[in-house]
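Here's the letter readout for the chains.
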Amino acid sequence: MALFKKKKTEENTDEFHKEYGMISNCRFVLGKIAKYRKALIFYLIAAAVAGALLSYAWSFIGKLVIDMIQKQSEDGNIRYLVYLTLGMTFAELLLMWLNTISNMKLGVGFTYVRLMIIRERIAKSLSMNYEVLEDPDMLDRLQKAKRATGGDYHGVQGLMQYLSLSLTQVVSIITAVTIMVTFNPLIIIVVAVLGLIQFQFFEYIRKKDKVEMWDAMAPHWRKLEYMDRVTTDFSYAKDIRLFGMKGFLSRKQKEVYDTELQHWIKSRQYWIYNSIFAHGISLVRQLIIIGWLIYEAVYGGLSISNFVLYMASANTFSGAINGILTNLSGLRERSAQTDDYRSFMDIPTDEKKGIPVPRADGYSFTFENVSFKYKGQEQYALKNVDLTIKAGEKLAVVGLNGAGKSTFIKLLLRLYDVTEGRILMNGTDIREFDREDYYNLFAPAFQDVMVFAFPMAENVSMKAPDNTDRSGAEKNLRDAGLGEKLDSLDKGVDTELLKVLYDDGIDLSGGEKQKLALARALYKNAPVIVLDEPTAALDALAEYRLYQSFDGLIGNSTAVYISHRLSSTRFCDRVAMFKAGEMTETGTHDELMALDGDYAEMFRVQAQYYIEDKDIFDVPEDVLESEVTENAG
């Protein structure tokens, strides 16, 4: 069979992946149980003892009944047999009640503990640096960690379930060994050897399945989640219908599912081989035990009652051995999945605590020969940028799409650290500052506005209700141009956004979302305002007027306006022109027009579309027309 052919597999080269071991992982989940639901420790013990005793109850009853029948056949008194029957019935009912209650508590409790572990995983991912979390390898690690916390019977909760089952089997085996050793200790040795053989084969299967199913599927599950999101998320619905994408997406999704199906088929084949081998071992074990008992009964003088006791105990013992091996196998498999979770959680993300950002009347930023290259890319996204943003200055960063403007902003905000060169803030390298403290300097508004399923006021404050100034949020929304929208809403700033949590939630248009982003920037009231094309959904005239109004609202704050349209350049102190990852020009609008370089050419190209809106550029119509004529020539 191909299964048994030696196949060379790639070694795990993930520097952050660790194998903690089954014992360590069991201690880990027990620690989480003790932390979040300590009473479960009692129910673990109660379920193990009650479950084991239930499995042996009738073994003892059978022996006692036969002994009593033989004795009472001599004196004809069945009173003690009745007492025994009533007593054992009551004891079994009590054990059944305790076992049922304990398992119910464990089922609910394990789910609660898993949810708490998910909270820890989410907190971990939220604390990771933007640059780290965007790494595809890190996304694969996160995906594995999500799979390890995503269900009742695999990963960390599966480990808890199998740990509970294994405790029951351990108590059963201890009881069985105590009984069987009075018959023949060699039985214990035979069963143990057969069990070891069965376990070794399982380990081989488990490792094959882990490598070729779970590890190989981690990148694929990201694709699967993406396809599920695209085909079910309402925000994609218009494009799918209007562009006739139904057939294309169905075929694409089928390809993704077919890939997953092939992996599952291979995985199931492995476990079928394991099941066949396990049943073979179990049959051999049963034949040996039964044959031995029959021999002792015929030639060794084994009594009928003891034959019944040992026979029932041997069957229970055999089942317990099968159970412990199966559970041990399940433990190992879930332990390997728990490795994925713990490896992700143990990735060092807490960078060295930096120095506090000093309080100052203003903050200037200097890019000194800054270059940046995204991970896995050979080409620089930014190259040799030298620029100083003075405190209180209004800087327009312009250029066509892909010029490097957004990368420039990510470096300024320290979402990424520079590849070469350095960025100084008031003369100090920004990498020396505490990252969270540094973030507080900025009030950003991005082109892709994320709306949260919160009330409108909290979508502006980005804080909990108790820490939200509702009147301040309303003022900022009106200043950002959403006054009419607020007046049309019955609940005003208390209106829920999105229909994810509340049926009466509303959605905003593209332009309204971008005005919401401007309101957030105003609410934060930070020393530095950064607008990364947040008004792209507006027309040029609306963008210009909104920028003018916004500029008046922020007062003396430092502001950086990023756009591929030039409506923001006229009221800015300076313009930085980017092209192909390099800053090609810098100066005032008039200086760059006189330079007649990249900026002037871009301005003339755009100007021909806005002659009717010449107030955007604040130049006479005849000048615009002459520039258009020159550009056309």
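Here we summarise the structure given alongside this text.

The rules behind each value
Residues numbered from 1 in each chain as written. Predicted model: local features only at pLDDT ≥ 70, side-chain atom pairs only at ≥ 80, totals over all residues. Heavy atoms only, no water. Salt bridge = Lys/Arg side-chain N within 4 Å of Asp/Glu carboxyl O. Helix = DSSP H or I, 4+ residues; strand = E, 2+ residues; numbered from the N terminus. Buried < 20%, exposed > 50% of the residue type's maximum accessible area, 1.4 Å probe, protein only. Pairing = 2+ DSSP bridges. Contact = heavy atoms within 4.5 Å. Axes fitted to C-alpha atoms, helices over the stretch in contact; angles between N-to-C directions. Parallel < 35°, antiparallel > 145°, perpendicular 65-115°, else oblique. Left-handed = near helix turned anticlockwise from the far one by under 90°. Nonpolar A, V, L, I, M, F, W, Y, C, P; charged D, E, K, R; others polar.

Quick look at the pattern of salt bridges now. Overall, the coordinates contain 23 salt bridges when judged by the stated rule. The partner of Lys375 in a salt bridge is Asp137, with the nearest N and O atoms 4.0 Å apart. With Lys375 in the loop between strand S1 (365–372) and strand S2 (382–389) and Asp137 in helix H5 (residues 136–147), the pair connects residues that are 238 residues apart, well separated along the chain. Among the ionic pairs, Lys491 bridges to Asp504, the shortest N-O distance being 3.0 Å.

Glancing now at unusual backbone geometry. Positive phi, close to 65°, is recorded for Arg414, a residue that is not glycine. Assignment of secondary structure puts Arg414 in the loop between helix H11 (405–413) and strand S4 (420–425). One non-glycine residue, Leu498, adopts positive backbone phi at about 70°. Among the secondary structure elements, Leu498 is positioned in the loop between helix H15 (483–487) and helix H16 (510–524).

Bringing H11 into the picture now. For H11, a buried count of 7 out of 9 residues is recorded, marking the element as mostly surrounded by other parts of the structure. Looking only at H11, the buried set comprises Lys405, Thr407, Phe408, Ile409, Leu411, Leu412 and Leu413. Residue Arg414 follows H11 closely and has a positive phi angle near 65°.

Next up on the list: the sheet that holds S1. Pairing within the open sheet is antiparallel, and its 4 strands lie in the order S2-S1-S4-S5. Strands with a single pairing partner mark the edges of an open sheet, and in this sheet they are S2 and strand S5 (428–429).

Right, let's get into the side chain of Asp340. By the secondary structure assignment, Asp340 is in helix H10 (residues 304–345). Not counting chain neighbours up to four residues away, the residues in contact with Asp340 comprise His17, Lys144, Ala145 and Lys210.

Put simply, H5 and H10 touch, their axes get as near as 8 Å, and they point 130° apart. Between H5 and H10, the angle is such that the two are oblique. Considering only the axes of H5 and H10, their crossing is left-handed. Counting all contacts with H5, which are made through Met138, Arg141, Leu142, Lys144 and Ala145, the residues of H10 involved are Asp340, Tyr341 and Phe344. Along the lines of polarity and charge, the residues of the contact of H5 with H10 split into 5 nonpolar, no polar and 3 charged.

The next thing to look at is the side chain of Thr168. Relative to the helices and strands, Thr168 is located in helix H6 (residues 155–180). By relative accessible area, which is 17% here, Thr168 ends up buried. Other than its neighbours up to four places away in sequence, Thr168 contacts Ala47, Ala48, Gly51 and Ala52.

Moving on, we come to the environment of Ile289. Tracing the backbone shows Ile289 in helix H9 (residues 246–299). Taking relative accessible area as the criterion, Ile289 reaches 2% and is therefore assigned buried. The spacing of Ile289 and Ser318 is 29 residues in sequence and 8.9 Å in space, taken between C-alpha atoms. Those residues in contact with Ile289 that sit more than four places away from it in its chain are Ile187, Val191, Ala314 and Ser318.

On to the sheet that holds strand S7 (residues 528–532). Where strands meet in a sheet, backbone hydrogen bonds hold them as pairs that are either parallel or antiparallel. Spatial ordering of the open sheet is given by S6-S7-S8-S3-S9-S10, a layout of 6 strands whose pairing is mixed. In this open sheet, the two edge strands, each paired with only one partner strand, are strand S6 (442–446) and strand S10 (582–587). Taking each pair of neighbouring strands and ignoring which way they run, the sheet shows an average axis angle of 15°. Here strand S9 (residues 574–579) pairs with S10 via 5 bridges, running antiparallel. Paired with Val575 across the strands is Gly587, a residue of S10. The sheet contacts of H11 involve strand S3 (394–398), S6, S7, strand S8 (558–563) and S9, and relative to S8 the element is tilted by about 150°. In the packing of H16 onto the sheet, contacts are made with S6 and S7, and the angle to S6 comes to roughly 180°.

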